[in-house]
Amino acid sequence: MKQAVSTLITWYRENKRALPWRIEPSPYHVWISEIMLQQTRIEAVISYYHRFIQELPTVFDLACVDEDKLLKLWEGLGYYNRARNLKKAAQIIVEKYHGEFPNTYSAISQLPGVGEYTASAIASICFFEPQVTIDGNVLRVYMRVYECYANVDSLATRKQARQHLMTIIPKQKQAGEFNQALMELGEVICIPRGVPKCSLCPLHDACLSRKNHTFLSLPVRSPKKEKQVENYTVLLIKNKNKYAICQRAETGLLANMWQFPMLPDDYSQEEVREYLNDCGYTVSSLQKAISYTHTFTHKKWKMISFEIEIEIEADSMVPKLKKEKCCWASLEELVSKYAIPSAFLPFLTFLIDRDEACLFLKEK
């Protein structure tokens, strides 16, 4: 592989995709893109990236953005602590570095939410420091080229791969190109599912798994653990064209995010009616709505929902269904103002589809 580095970089220069953060590879742009790309595919990230940069074009804008607006910009990407850490890091860059992005791997890696991979990417792409980036794409390429059967879920395996690649990464500008070339190769040629496109690969002659036809058995991973399943009942409570929403706790899963009221376990229609009556509400209509299962990293939420209309005397009254902060919001406000986690977006889409007066919201 060491002999193939120049071939790899030449291939990258001739075949790389014109991604927006490559067209303008400032440290700020590369940083935002790399954080967004964690757990999310490139195709899904591009529209989020454009919107984010348009609203927060500089690190100064990010450092002072209101958290509700920040989370709204991040809505749909998941793992919302990534967005919160972006703001914390931006504040450090403004206060400690006067708005200038730190220019060494060591300094970059000290920023909140920035690990070895992200620090290596920024340091190599923007400041030409020879630091290897190890992500799933790079590991897959590496394990196939060397026909290595070590478990890629092991930190020791990742460490060994990085140490080896550090011995062959080129210096100066080519360091960033080397990292991006390996990531690009894993993304478009040495693909994770299906047969890799070996005939198009610049490492064709160096790859042992291609030579021995073992590429489909690599890389080796640990068996996936069964996810914990939790059942919930979501209450889509409407009063005078507004819906009840609650803010989650400040810590834990989906911290501080807004959601529709939710009860643990599966409730029947009569049990929901009884619960709302106990809360002091007069229910004028109640019917079963959609079901949806949302998968997190370590658990699944199996959710059923009920569409409910209640009668209260004053618009100012907020639902007292949970201890967290609650309020009423129109569909337009739910789309434009509140950050709704992906777990609850299907229910919002259902309500928009049901409300003919709000069909225009589908375009947003």
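Residues numbered from 1 in each chain as written. Predicted model: local features only at pLDDT ≥ 70, side-chain atom pairs only at ≥ 80, totals over all residues. Heavy atoms only, no water.

**Student:** Got a sec to walk through the packing of aromatic side chains? Specific residues and values, please.
**Tutor:** Inspection of every chain in the model, using the stated rule, returns twelve aromatic pairs. Plain terms: the ring middles of Phe344 and Phe347 are 6.5 Å apart, the flat faces sit at 45 degrees to each other, and that makes the pair tilted. For Phe344, a relative accessible area of 0% gives the class buried. The structure contains a cluster of three or more aromatic residues connected by ring pairs, namely Tyr232, Tyr292, Phe296, Trp301, Phe344 and Phe347. (Phe/Tyr/Trp six-rings, centres within 6.5 Å; stacked < 30°, edge-to-face > 60°. Buried < 20%, exposed > 50% of the residue type's maximum accessible area, 1.4 Å probe, protein only.)

**Student:** With reference to specific residues and values, describe the pairing of strand S6 (residues 299–311).
**Tutor:** Both strand S1 (residues 228–239) and S6 contribute to a ladder of eleven bridges, which runs parallel. Looking at S6, one finds that Val229 is bridged to Lys300. Summarising the sheet, strand S5 (residues 282–295) and S6 pair through eleven bridges and their orientation is antiparallel. Pairing of Thr295 across the sheet is with Lys300, part of S6. (Pairing = 2+ DSSP bridges. Helix = DSSP H or I, 4+ residues; strand = E, 2+ residues; numbered from the N terminus.)

**Student:** How would you summarise the packing of helix H6 (residues 67–74) against helix H7 (residues 81–97) if you had to cite specific residues and measurements?
**Tutor:** Between H6 and H7, the least distance of the axes is 9 Å, while the angle of their chain directions is 130 degrees. Between H6 and H7, the angle is such that the two are oblique. Seen from above, H6 lies across H7 with right-handed handedness. Residues Glu67, Leu70, Leu71 and Trp74 of H6 form the contact with H7, whose own contacting residues are Arg82, Ala83, Arg84, Leu86 and Lys87. Looking at side-chain class alone, the contact of H6 with H7 contains five nonpolar, no polar and four charged residues. (Axes fitted to C-alpha atoms, helices over the stretch in contact; angles between N-to-C directions. Parallel < 35°, antiparallel > 145°, perpendicular 65-115°, else oblique. Left-handed = near helix turned anticlockwise from the far one by under 90°. Contact = heavy atoms within 4.5 Å. Nonpolar A, V, L, I, M, F, W, Y, C, P; charged D, E, K, R; others polar.)

**Student:** Give me helix H11 (residues 155–166): which residues, what numbers.
**Tutor:** Counted at 1.5 Å a residue, the expected span for H11 with its twelve residues is 16 Å, and the 16 Å between its end C-alpha atoms agrees. Along H11, the residues that are buried comprise Thr157, Ala161, Arg162 and Leu165. One side of H11 carries all its buried residues, which in axial view fall inside an arc of 130 degrees. Seen from the buried face of H11, the exposed residues on the opposite side, beyond 90 degrees, are Leu155, Lys159 and Gln160. (Expected span 1.5 Å × (residues − 1). Arc of directions from axis to C-beta.)

**Student:** A description of the side chain of Glu307 should follow, citing residues and the corresponding values.
**Tutor:** Within the element layout of this structure, Glu307 appears in strand S6. Under the relative-accessibility criterion, Glu307 is labelled buried at 14%.

**Student:** Describe the pattern of salt bridges, listing the residues and the values that go with them.
**Tutor:** In total, this model carries eleven salt bridges according to the counting rule given. A salt bridge links Glu67 to Arg84; the shortest N-O distance between them is 3.4 Å. Note that Glu67 is positioned in helix H6 and Arg84 in helix H7, a separation of 17 residues in sequence. Judged by its relative accessible area of 12%, Arg84 falls in the buried class. When the shortest N-O distance is used, the salt bridge between Lys299 and Glu230 registers 3.1 Å. Placement of the pair is Lys299 in strand S6 and Glu230 in strand S1, with a sequence separation of 69 residues. Relative accessible area serves as the criterion here: at 23%, Lys299 is assigned to the partly exposed category. Residues joined by salt bridges that share partners form a network here, namely Arg17, Arg22 and Glu184. (Salt bridge = Lys/Arg side-chain N within 4 Å of Asp/Glu carboxyl O.)

**Student:** With reference to specific residues and values, describe the side chain of Ser124.
**Tutor:** With respect to the helices, strands and loops of the structure, Ser124 is situated in helix H9 (residues 116–127). For Ser124, a relative accessible area of 0% translates into the label buried. Side-chain polar atoms of Ser124 contact the backbone oxygen of Ser120, separated by 2.8 Å. Not counting residues up to four positions away in its chain, the partners in contact with Ser124 are Glu129, Gln131, Ala175, Gly176 and Asn179. (Polar contact = N/O pair within 3.5 Å; in protein donor to acceptor, adjacent residues only side chain to side chain.)

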